[in-house]
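Residues per chain are reported as follows:
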Amino acid sequence: MDDVPRLLLLNGPNLNLLGVREPEVYGRDTLDDVVRLVEHAAAEVGWQVDHLQSNHEGVLVDAIHAARTTHAAIVINPGGLTHTSVVLRDALTGVGLPFAEVHVSDVYARESFRHHSFLSDVAAVVVVGEGVHGYAHAVRDLAEVVS
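Residues numbered from 1 in each chain as written. Predicted model: local features only at pLDDT ≥ 70, side-chain atom pairs only at ≥ 80, totals over all residues. Heavy atoms only, no water.

1. Some words on unusual backbone geometry
One non-glycine residue with positive phi stands out, namely Asn-14, at about 75 degrees. Secondary-structure assignment places Asn-14 in the loop between strand E1 (6-11) and helix H1 (23-26). If you check the backbone angles, Glu-22 has positive phi at about 40 degrees while not being a glycine. Summarising the element assignment, Glu-22 is placed in the loop between E1 and H1. (Helix = DSSP H or I, 4+ residues; strand = E, 2+ residues; numbered from the N terminus.)

2. A look at the sheet that holds strand E5 (residues 125-128)
In space, the five strands of this open sheet follow the order E2-E1-E3-E4-E5, with parallel pairing throughout. In the strand order of this sheet, the two ends are held by strand E2 (48-53) and E5, each with one partner. Ignoring strand direction, the axes of neighbouring strands in this sheet form an average angle of 15 degrees. In this structure, strand E4 (residues 99-103) lies alongside E5, joined through four bridges in parallel fashion. Counted as the bridge partner of Glu-101 is Val-126 from E5. The strands that helix H5 (residues 133-146) touches are E1, strand E3 (73-77), E4 and E5; relative to E3, the one it contacts most, it runs at about 155 degrees. (Pairing = 2+ DSSP bridges. Axes fitted to C-alpha atoms, helices over the stretch in contact; angles between N-to-C directions. Contact = heavy atoms within 4.5 Å.)

Read these as geometric descriptors, not functional statements.
What follows is the structure, encoded as structure tokens:
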């Protein structure tokens, strides 16, 4: 049996377009760059990473449910679902895994509808506006929570 803790990295709608979509807001790093960054940060704390990106809320919920017995923690950038999805919140709280909410841009310096998150108040870690490097920050902080 593999005793190495597993981290689930989830990226929601439109994050497959990182590096292409509004680079002045989100930067030029791609989702592949993010995955490599997270894998490196996770290796530093002794974790392995499984990654999923989906533009479909139900796919993300299914992955969260499946992680309940196989993963130590979750890092999620829910994209626009941050501001709309009680369903993601319920899934994340329902499985009882610590999770980090990550946003590449500073959502609080953007349109007012982006200022509310359905996840922040139940997240173990929240990282906002650090670009893709915020993912690594989230992994390290989450490792502290889990240990």
